[in-house]
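If you want the building blocks of each chain, they are given just below.
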Amino acid sequence: MKELKLKGSSVLSCLIAAVLIAAAVGAISVPAQAKAKKKNVVVLYFSNTGTTKSVAKKIEKTTKGKLIEIKAKEPYTEEDLDWGDENSRVTKEHESAASPAKSTVRPEIKNLGAIKKAVKKADVVYIGYPIWWGEAPHIMYTLVENIDLKKKTVIPFCTSMSSGLGSSAKHLEQNAVISSKTKWLKGRNFYDESTQKKVDNWIGTLKY
Ligand SMILES: Cc1cc2nc3c(=O)[nH]c(=O)nc-3n(C[C@H](O)[C@H](O)[C@H](O)COP(=O)(O)O)c2cc1C
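Predicted, not measured: the structure shown is a model, and the values here were computed from it.

**Student:** Just checking my understanding: could you explain the overall build of the protein chain for this structure?
**Tutor:** Counting secondary structure elements, the protein chain contains eight helices and six strands. When each of the 208 residues of the protein chain is scored for burial, the buried share is 32%. Contacts in the protein chain between residues at least 24 apart in sequence constitute 81% of all its contacts with a sequence separation of at least 6.

**Student:** Whenever I open this one, the nonpolar core confuses me. Can you help?
**Tutor:** Soluble globular proteins: nonpolar side chains tend toward being buried together. The biggest cluster of nonpolar side chains holds 43 residues, and the ones touching the most others in it are Leu44, Val125, Tyr126 and Met140. Counting residues per element, the ones that place at least two in this core are β1 (41–45), α3 (51–63), α5 (112–121), β3 (124–130), α6 (138–146), β4 (153–159), α7 (168–175) and α8 (196–205). Setting aside residues up to four positions removed in sequence, Val125 forms contacts with Val42, Leu44, Val119, Leu149, Lys152 and Val154.

**Student:** How should I be thinking about the site of the ligand in this particular structure?
**Tutor:** Residues in close proximity to the ligand total 20 residues, the closest being Ser47, Thr49, Thr51, Thr52 and Pro130. A total of three residues in the shell around the ligand trace back to one element, the largest contributor, which is α3.

**Student:** What is the right way to look at α6 in this model?
**Tutor:** What sets the pattern is the α-helix's 3.6 residues per turn: residues three or four places apart point alike. Across the nine residues of α6, seven count as buried, placing the element largely inside the fold. Inspection of α6 places His138, Ile139, Met140, Tyr141, Thr142, Leu143 and Val144 among the buried residues, and these make up the whole buried set. Buried residues belonging to α6 abut α4 (89–94), β3 and α7.

**Student:** Explanation requested: the packing of α3 against α8 in the structure shown.
**Tutor:** Helix-helix packing is described using two parameters, namely the angle between the two axes and the distance between the axes. Where α3 meets α8, the closest approach of the two axes is 9 Å, and the angle between their N-to-C directions is 60°. Compared by their axis directions, α3 and α8 come out oblique. As α3 runs across α8, the sense of the crossing is right-handed. Listed contacts from α8 to Val55, Lys58, Ile59, Lys61, Thr62 and Thr63 of α3 are Gln196, Val199, Asp200 and Ile203.

**Student:** Would you explain the environment of Asn146 in this entry?
**Tutor:** In this structure, Asn146 sits in helix α6. A sequence separation of 30 residues divides Asn146 from Lys116, and the C-alpha atoms of the two residues are 8.3 Å apart.

**Student:** What is the right way to look at the pairing of β4 in this model?
**Tutor:** Look at any regular strand and the pattern is simple: side chains alternate between the two faces of the sheet. Burial of β4 is extensive: seven of the seven residues sit out of reach of the surface. In this sheet, β4 lies alongside β3 in parallel orientation, the contact comprising seven bridges. Residue pairing for β4: Tyr129 is matched across the bridge by Cys158. Examined bridge by bridge, β4 and strand β5 (residues 183–184) share two bridges and lie parallel to one another. Following the sheet pairing, Val154 is matched in β5 by Trp184.

**Student:** What is the right way to read the confidence of the model for the protein chain from this model?
**Tutor:** Low-pLDDT stretches of the model should not have their predicted coordinates read in fine detail. Per-chain confidence: the protein chain averages 89 in pLDDT, with 82% of residues scoring 70 or above. Below pLDDT 50 for its whole length, residues 1–6 participates in zero contacts with residues either more than four positions away or in separate chains. Of the regions scoring below 50 in pLDDT, residues 19–27 engages in four contacts with residues more than four places distant in sequence or in other chains.

**Student:** Explain the environment of Lys102 here, please?
**Tutor:** Structurally, Lys102 can be placed in the loop between α4 and α5. For Lys102, a count of 11 C-beta atoms within 10 Å gives the class exposed. Distance in space between the C-alpha atoms of Lys102 and Asn175 is 9.4 Å, their sequence separation being 73 residues.

**Student:** Which parts of the structure should I look at to understand unusual backbone geometry?
**Tutor:** Among all residues except glycine, the phi angle is most often negative; among peptide bonds, the trans geometry is most common. The phi dihedral of Lys64 is positive, around 60°, even though this residue is not glycine. Within the secondary structure, Lys64 is located in the loop between α3 and β2 (66–69). The backbone phi angle of Tyr191 is positive, close to 60°, even though this residue is not glycine. Looking at where Tyr191 falls in the secondary structure, it is placed in the loop between β6 (188–189) and α8.

**Student:** Would you mind showing me how to read the pairing of β2 here?
**Tutor:** As defined by bridge partners, β1 adjoins β2 across four bridges and the pair is classed as parallel. Paired with Leu44 across the strands is Ile68, a residue of β2.

Rules used throughout
What you see as residue numbers is a count from 1 along each chain, following the sequence as written. Local features in a predicted model are, by the rule used here, given only for residues with pLDDT of at least 70; side-chain atom pairs are given and counted only at 80 or more, and totals for whole chains, interfaces and linings are based on all residues. By the criteria applied, helices consist of DSSP H or I runs no shorter than four residues and strands consist of E runs no shorter than two, each listed in order from the N terminus. Burial is judged by counting other C-beta atoms within 10 Å of a residue's own C-beta: 20 or more means buried, 12 or fewer means exposed, and anything between counts as partly exposed, with every C-beta placed from the backbone. We call two residues in contact if the C-beta atoms placed from their backbones are at most 7 Å apart. For the purposes of this analysis, a nonpolar core is taken to be any set of buried Ala, Val, Leu, Ile, Met, Phe, Trp, Tyr and Cys residues that are connected through C-beta atoms within 7 Å. Each residue receives a C-beta atom placed from its backbone. It is near a molecule or strand if this atom lies within 6 Å of it. Lines fitted to C-alpha atoms define the axes, with helix axes restricted to the stretch in contact, and inter-axis angles between N-to-C directions lie between 0 and 180 degrees. Throughout, the term roughly parallel applies to angles under 35 degrees, roughly antiparallel to angles over 145, roughly perpendicular to angles from 65 to 115, and oblique to all others. Note: crossing handedness is left-handed where the near helix turns anticlockwise from the far helix by less than a right angle, and right-handed where it turns clockwise. Any two strands with at least two DSSP-identified bridges between them are counted as paired. Per-residue confidence from the predictor is given as pLDDT, running between 0 and 100.

In structure tokens:
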């Protein structure tokens with residue numbers, strides 16, 4: 001009887017060990033919701049027509065993170081956003097340099113103080129933006145060049161009409177205030193508004 005009990009407990013120990021090892025090597029993805037309790041999450045997003053905002057809100061819902069809109073000091077009007085107009089604000093930003101990373105155009109962020117404060121307390125920072133000409137908008141450079149992302153896990157996400165994530169997140173990383181302790185994840189493009197399930201599945205695969 002005693003021997004049987006011992007055998008039973010050692011089988012259980014083996015099972016627990018196997019699960020732990022599998023989880024450690026990433027064979028089991030942690031359910032998205034389970035992540036909510038463990039880390040202090042901030043979800044930052046820049047959005048003018050609501051698409052990126054809708055993805056950000058889904059991330060907020062699952063992670064229970066703090067949702068913060070990145071607000072331009074001078075908001076982008078419909079005319080400003082007209083990429084077909086060679087004199088529009090976005091076209092001028094776009095043509096100011098070969099890429100936003102190399103540009104000196106850095107639109108001011110109205111709520112930068114509040115963003116900095118929230119990021120300081122966070123372990124994980126989601127950063128969302130629309131794709132503009134295959135890249136993150138210039139204002140996203142204002143963000144990453146002015147917030148301290150050392151020791152943070154950074155998770156970029158974006159939306160677009162058809163372009164992929166491309167190098168947009170990588171280019172942001174190159175200009176960001178980071179350190180060897182920053183964990184900058186690859187990021188993902190959701191194209192349009194996406195579904196809660198799709199967003200949750202993605203969050204479940206993230207290693208943090
Ligand atoms: C200035 C500008 C440039 C854009 N460039 C691209 C692009 O290169 N590729 C693409 O697929 N969509 C492009 N779009 C479309 C946006 O990425 C897309 O509508 C996005 O989901 C908008 O996000 P928002 O609603 O959060 O602002 C562009 C939009 C604007 C305003």
